[in-house]
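# What the coordinates show
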Amino acid sequence: MLLYTTVGTNDLERAGRFYDAILPLIGYRRQKQASDEIGYAAEDDVRCRFWVVEPFNREPATFGNGVTIAFDAPTRASVDAFHAAALAQGGTDEGAPGIRPFHANFYAAFVRDHDGNKLVAVCEKPE
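Residues numbered from 1 in each chain as written. Predicted model: local features only at pLDDT ≥ 70, side-chain atom pairs only at ≥ 80, totals over all residues. Heavy atoms only, no water.

Moving on, we get to helix α2 (residues 76-88). End to end, α2 covers 18 Å across 13 residues, agreeing with the expected 18 Å (1.5 Å per residue, within 8%). Every buried residue of α2 is accounted for by R76, S78, V79, F82, H83, A85 and A86. As for α2, its buried residues are in contact with α1 (12-22), β6 (92-99), β7 (107-112) and β8 (118-123). Within two residues after α2, G90 carries a phi angle of roughly 95 degrees, on the positive side. (Helix = DSSP H or I, 4+ residues; strand = E, 2+ residues; numbered from the N terminus. Expected span 1.5 Å × (residues − 1). Buried < 20%, exposed > 50% of the residue type's maximum accessible area, 1.4 Å probe, protein only. Contact = heavy atoms within 4.5 Å.)

Set out below in C-alpha cells:
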C-alpha cells in the first residue's frame with residue numbers, strides 16, 4: 001500500500017550513522033544518498049522505501065505525535081539486535097523487545113532516533 005516513507009532530520013550525517021547501524025540488522029541497507037537525503041531498501045527491492053531527509057522547506061525537522069514507522073524484521077533475534085544497536089547509537093528506548101498484545105506472534109521493539117522519530121521493528125513469525 002505505501003510507496004515510501006520519510007523521516008526528517010536536523011543532522012543528516014548523524015542520522016546516517018544511526019540508520020546504517022540499525023537497518024542492516026533487519027534486512028535494509030543504504031542504497032542512495034544525496035546532499036539532503038539518504039534512501040534505504042531491502043537488497044531485492046527496486047526502489048528505496050525509507051528515506052531520511054532534511055526538510056524541503058528548510059525549517060527544523062520535527063517528529064509527528066502519534067507517528068510510528070514500522071519495519072518488517074525477519075526474526076525475533078533481528079528485532080533484539082535492532083533495539084540494542086539503536087540504543088548503542090544513542091537512540092531512546094520506547095519499548096524493549098517482546099510480544100505485544102496485537103496478536104500471539106507480534107514481537108516488537110520500539111525506539112526513537114536522535115530527532116525523535118519513533119521506529120519499531122516487528123517480527124510476526126512464530127518462534
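Back to the write-up after that little detour.
Attention shifts here to unusual backbone geometry. Of note in this structure, R58 is not a glycine but carries a positive phi near 65 degrees. Summarising the element assignment, R58 is placed in the loop between β4 (50-53) and β5 (69-72). Taking the relative accessible area as the measure of exposure, R58 reaches 58% and is therefore exposed.

Another point: the nonpolar core. Y19, I22, L23, F50 and L119 are the most contacted members of the largest nonpolar core, which totals 27 residues. Elements supplying a minimum of two residues to this core: α1, β3 (37-42), β4, β5, α2, β7 and β8. For I22, the contacting residues outside a window of four places in its chain are F82, A85, A86 and L119. Of all hydrophobic cores here, the second largest spans five residues; its members include F106, F110, V120 and V122. (Core = buried A, V, L, I, M, F, W, Y, C linked by side-chain atoms within 4.5 Å.)

Moving on, we get to the sheet that holds β7. The four strands are arranged β5-β8-β7-β6 in an open sheet whose pairing can be described as mixed. At either margin of the open sheet sits one strand with a lone partner, and together these are β5 and β6. On average, each strand axis in the sheet is tilted by 15 degrees relative to the strand beside it, whichever way the strands run. Sheet topology places β7 next to β8; six bridges connect them, and they run antiparallel. Following the sheet pairing, V111 is matched in β8 by L119. Contacts between α2 and the sheet are confined to β6, β7 and β8, with β7 contributing the most and set at about 15 degrees to the helix. (Pairing = 2+ DSSP bridges. Axes fitted to C-alpha atoms, helices over the stretch in contact; angles between N-to-C directions.)

Here we take up the sheet that holds strand β2 (residues 28-34). Within a sheet, each strand pairs with its neighbour through backbone hydrogen bonds, oriented either parallel or antiparallel. Overall, mixed pairing links the four strands, which are arranged β1-β4-β3-β2 in an open sheet. The open sheet is flanked by β1 (5-8) and β2, the only strands paired with a single partner. If you compare each strand with its neighbour and ignore which way they point, the axes differ by 25 degrees on average. In this structure, β1 lies alongside β4, joined through four bridges in parallel fashion. Its bridge partner lying in β4, T5 is registered against F50. Relative to the sheet, α1 contacts β1, β2, β3 and β4, its axis offset from that of β3 by approximately 15 degrees.

Attention shifts here to the side chain of H83. With respect to the helices and strands, the residue H83 is situated in helix α2. Apart from the residues lying within four places of it in its own chain, the contact partners of H83 are D93, G95, A96, P97, A109, F110 and V111.

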